[in-house]
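Coordinates in review
The residues making up each chain are set out below.
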Amino acid sequence: QLQHQKQKQQKTKTMTVINENQLTGKHVNVAMMTSGGLAPCLSCSISRLAHFWIQALKDGKIGGLTLRMYIDGYKGVLIGDSFIVPEGDWESMEALDYIGGSPIGNSRVKLTNEADCKKRGFIKDDETPLEVAAQRLMKDEVHVLHTIGGDDTNTQAAHLSKYILEKHGGKVVVVGMPKTIDNDVVPIRQSFGADTAARQGAIFFTNVVSETSANPRMLVLHEVMGRDCGYLTAKTAAYYREALDQQKFASALFPSSKASRDVHAIWIPETKFDLHAEADRLKKVMDTYGCVNVFFGEGTGVEEIVKDMEERGEEVPRDAFGHVSLAKINPGQYFAKNLSAAIGAEKTIVQKSGYFARSAAANEFDRKLISDCAKEGVATAIQGVSGCMGQDEEKEGMPIRAIEFERIKGGKPFDISETWFQEMLKDIGQTA
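Keep in mind it's a predicted model, so treat the numbers as computed, not measured.

Turning our attention to the overall build of the protein. When you go through the protein residue by residue, the secondary structure sums to 15 helices and eleven strands. At 24 Å, the protein has a C-alpha radius of gyration in line with the 22 Å of a compact globule built from 432 residues. For the protein, the spread of C-alpha atoms along the principal axes amounts to about 85 × 50 × 40 Å. Expressed as a percentage of the 432 residues in the protein, the buried residues total 54%. A separation threshold of at least 6 residues defines the contact pool for the protein, and within that pool the share at least 24 residues apart is 76%. Per element, the accessible surface of the protein, about 19,900 Å² overall, is 47% carbon and sulfur. Side-chain charges of the protein comprise 52 positive and 58 negative groups, with the mean position of each set lying 2 Å from the other.

Encoded structure:
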C-alpha cells in the first residue's frame, strides 16, 4: 500500500493535486478555451466567467486566482500555446461582452482522432492526444477548465478530465458553456448565441430580399446554418417576418410589396420535404408576385445529396469529427438547380447568412443567459462539480445547473409542434 502511494505521488509530481473536491479558500488556476465554429457568445462567455471568478476572489470564496487562456482551442492545449491574463488587465475583459468571434481563437480538433492530430502536427508519432493534453494541463497546474463550445467540445473535455483522474490521479474540474447557433444540444433548452444568430440572419435577409426587384421572376434561396436542427432557420424566418410587419410600404400600385418580400417557404430537416409538391405551390407564388423567397437549413436534403454522390462513386467530404462537409456538397446549388426550372425562375441566387450571423456579438438576450450560466458555473466549479451549464429541460422548472456530461449530446431536433412555428407555416401557405 505504501509503495502504491509513492507511485501515485510520482505520477502527479508535476501537478498541484486537489485532494478535496471543493476549491473554497484555495488559490484556483482557471483555464479557458473556445472550440468549434464561431457563435455570438464566445467573447461574452470569457468575460462573464472571468467576472464571476474575480467576484469570487473579492468575496473571499477563493484564496487566489490565475486566469489562463489557451489559444485556438484544443490545438493550444496540445502544443502548449497559452497566456496568463495579468491582474492589471482583468477589468478590460468586460469589453468582450460586446465583441463577436473568439478573442483567443478557435479550431476543430478532436482529441480521440489521433490520426488527424498527427497529420496536423499537434502531436508526435509516438504520442496520443489525450496524454499530451493531460500532461499540458498538469504542467500548467490547471484546477478548472472552462470549455466554450458545442457538444463535441464539452464531452471531449469530460473524457480528458476522466483520463487525468484515472491515469494520473489528478483532478481537473470541467465546466462547459454550451455554444452552438443550431440550438441542438440535449438536454439544454437554449444554447448560447442561437437567438443572436437568428436576429442577425433576419437583418441579413432584410437587405438581401431587395434582390427580388433586380430581375423578373427571381428565386432567392436563403441558406441558414443548421446541420441537423431547423431551429435557426425557423427562428430567423420568424424574426424576419416580425421586422417585415413593422415595415411601411407604398400603395398597392407598386409590385415590390410586403407579400413579395415575405418568406414563401421554410425548409428544415425535421419537416417532410417534397420538392415536387413545393415546386407546384411556389410556381403559383412566382406567377403572382414575380419572385419566390425560400429559407432553408443547410442540413435540409443532405441525405438525398449524399446518397446521390455515393451512387455516382464520388467521395463525400467530411471534417475531423466525421460530419459531412456541408460547404463542399453545397445544398444551395442542389436546390437552385432543381427548383428554378420547375417554377420558371429567370434568375436564381443563393445567399448564405451563416458567417454574417455567427460572427456577431451576443445580443441582450444571450448576454443575460450567458451571465446567468457563468455565475452558476463558477459557483459549481468552486464546489468541485463538473458539467455543462444550461437550462436543464429534463428537470422540473428547467433550472440552470451543471448538467452531467454523460447526458450531453448533439443532434436535438427542433420541435416543429411549437405553436409559433405551426402558425407561421399556416400563414405562408405551407403544409408542415
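The structure having been displayed, the exposition proceeds.
Burial runs high along strand β2 (residues 64-70): seven of the seven residues are buried. Examined bridge by bridge, strand β1 (residues 27-34) and β2 share six bridges and lie parallel to one another. Its bridge partner being in β2, Met32 is matched across the sheet by Met69. Assessed by its sense of winding, the connection that carries the chain from β1 through helix α2 (residues 42-58) to β2 is right-handed. Two strands pair when backbone bridges link them, and β2 and strand β3 (residues 82-84) are joined in this way by three bridges, in the antiparallel orientation. When the sheet's bridge partners are listed, Tyr70 is paired in β3 with Ser82.

Between α2 and helix α14 (residues 364-382), the least distance of the axes is 9 Å, while the angle of their chain directions is 45 degrees. The angle between α2 and α14 falls in the class oblique. Judged by the sense of rotation from one axis to the other, the crossing of α2 with α14 is right-handed. Between α2 and α14, the residues in contact are Cys44, Ser45, Arg48, Leu49, Phe52, Trp53 and Ala56 and Arg367, Ile370, Ser371, Ala374, Lys375, Val378, Ala381 and Ile382, respectively. Class assignment of the residues belonging to the contact of α2 with α14 gives a composition of ten nonpolar, two polar and three charged.

Membership of the largest hydrophobic core comes to 75 residues, with the highest contact counts inside it found for Trp53, Leu67, Met177 and Ile266. If you tally residues by element for this core, the top one is α2, at nine residues. Dropping the residues within four chain positions of it, Ile266 is found in contact with Thr233, Ala237, Phe295, Phe421, Met424, Leu425, Ile428 and Gln430. Among the nonpolar cores identified, the runner-up in size contains 31 residues, and Met138, Val142, Ala158 and Val185 belong to it.

Looking now at helix α5 (residues 129-139). In an α-helix there are 3.6 residues to a turn, and that puts residues three or four apart on one side. Listed as buried for α5 are Pro129, Val132, Ala133, Ala134, Leu137 and Met138. Those residues of α5 that are buried lie in contact with β2, α3 (74-79), α4 (114-119), β4 (144-149) and α6 (151-168). Among the residues trailing α5, Glu141 stands out with phi positive, at a value near 55 degrees.

Taking strand neighbours across the sheet as the criterion, the four strands line up as β7-β8-β6-β9 in an open arrangement whose pairing is parallel. The sheet terminates laterally at β7 (265-267) and β9 (347-352), the two strands that pair on one side only. For this sheet, the mean angle separating the axes of adjacent strands, direction not counted, is 20 degrees. With six bridges connecting them, strand β6 (residues 218-224) and β9 associate as parallel partners. Within β9, the position partnered with His222 by the bridge is Gln351. Relative to strand β8 (residues 291-297), helix α9 (residues 275-289) is tilted by about 145 degrees, and along the sheet it contacts β6, β7 and β8.

So, on to the pattern of salt bridges. Inspection of the entire model under this criterion finds 22 salt bridges. Where Arg68 meets Asp140, a salt bridge forms, and the shortest distance between an N and an O atom there is 4.0 Å. Note that Arg68 is positioned in strand β2 and Asp140 in the loop between α5 and β4, a separation of 72 residues in sequence. Overall, the relative accessible area of 16% leaves Arg68 in the buried class. On the basis of relative accessible area, Asp140 is assigned to the buried category, the value being 12%. For the salt bridge of Asp427 with Arg241, the shortest nitrogen-to-oxygen distance reads 2.7 Å.

Averaged over the protein, the pLDDT score is 92; the fraction of residues at 70 or greater is 95%. Counting contacts from residues 1-19, a segment whose pLDDT is below 50, to residues more than four positions away or on other chains yields 23 contacts.

With that settled, the discussion passes to the side chain of Ser260. Mapped onto the secondary structure, Ser260 falls in the loop between α8 (231-246) and β7. Residue classification places Ser260 among the buried residues on the basis of a relative accessible area of 3%.

On to α14. Helix length check: α14 (19 residues) gives 27 Å between terminal C-alpha atoms against 27 Å at 1.5 Å per residue, within 8%. Along α14, the positions that sit buried rather than exposed are Asp366, Leu369, Ile370, Ser371, Cys373, Ala374, Gly377, Val378, Thr380, Ala381 and Ile382. Two to three positions downstream of the cap, the backbone nitrogen of Phe365 sits 3.2 Å from a side-chain oxygen, assigning the N-cap of α14 to Asn363.

Here is what the cut-offs are and how they apply
- Here, residues in each chain are numbered from 1, in the same order as that chain's written sequence.
- Whole-chain, interface and lining totals are the exception, using all residues; otherwise, since this is a predicted model, local features are given only for residues with pLDDT of at least 70 and side-chain atom pairs are given and counted only at 80 or more.
- Side-chain measures here rest on the full set of heavy atoms in the structure, leaving out hydrogens and waters.
- Secondary structure elements follow DSSP: runs of H or I of four or more residues count as helices, runs of E of two or more count as strands, with numbering from the N terminus.
- Radius of gyration here uses only the C-alpha atoms, and the compact-globule reference equals 2.2 Å multiplied by the residue count raised to the power 0.38.
- Think of it in three bands: with a 1.4 Å probe and only protein chains considered, a residue is buried below 20% of the maximum accessible area for its type, exposed above 50%, and partly exposed in between.
- We call two residues in contact when some of their heavy atoms are within 4.5 Å.
- For the accessible areas, the method is Shrake-Rupley and the probe is 1.4 Å, while residue cover comes only from the protein chains on display.
- Positive charges are assigned to Lys and Arg, negative charges to Asp and Glu, while His and the chain termini are left out of the count.
- Here the site of a charge means NZ on Lys, CZ on Arg, CG on Asp, or CD on Glu.
- Strands pair, by our definition, only if DSSP identifies at least two bridges between them.
- We call a crossover right-handed when, viewed with both strands directed away from the observer, the connection leading from the first strand over the helix to the second proceeds clockwise.
- Angular values range over 0 to 180 degrees, each being the angle between N-to-C directions of two axes fitted as lines to C-alpha atoms, with helices fitted over their stretch in contact.
- Working definition: roughly parallel below 35 degrees, roughly antiparallel above 145 degrees, roughly perpendicular at 65 to 115 degrees, and oblique for all remaining angles.
- In this scheme the crossing of two helices becomes right-handed for a clockwise turn of the near helix relative to the far one and left-handed for an anticlockwise turn of less than a right angle.
- When residues are grouped by polarity, Ala, Val, Leu, Ile, Met, Phe, Trp, Tyr, Cys and Pro land in nonpolar, Asp, Glu, Lys and Arg in charged, and all others, Gly among them, in polar.
- We define a nonpolar core as any set of buried Ala, Val, Leu, Ile, Met, Phe, Trp, Tyr and Cys residues linked to one another through side-chain atoms lying within 4.5 Å.
- For this analysis, a salt bridge means a side-chain nitrogen from Lys or Arg found within 4 Å of a carboxyl oxygen belonging to Asp or Glu.
- Per-residue confidence from the prediction method is given by pLDDT, with values spanning 0 to 100.
- An expected span of 1.5 Å times one less than the residue number is assigned to each helix.
- Polar contacts here mean pairs of N or O atoms no more than 3.5 Å apart (in protein, one a potential hydrogen donor and the other a potential acceptor; neighbouring residues in sequence count only if both atoms are side-chain atoms).

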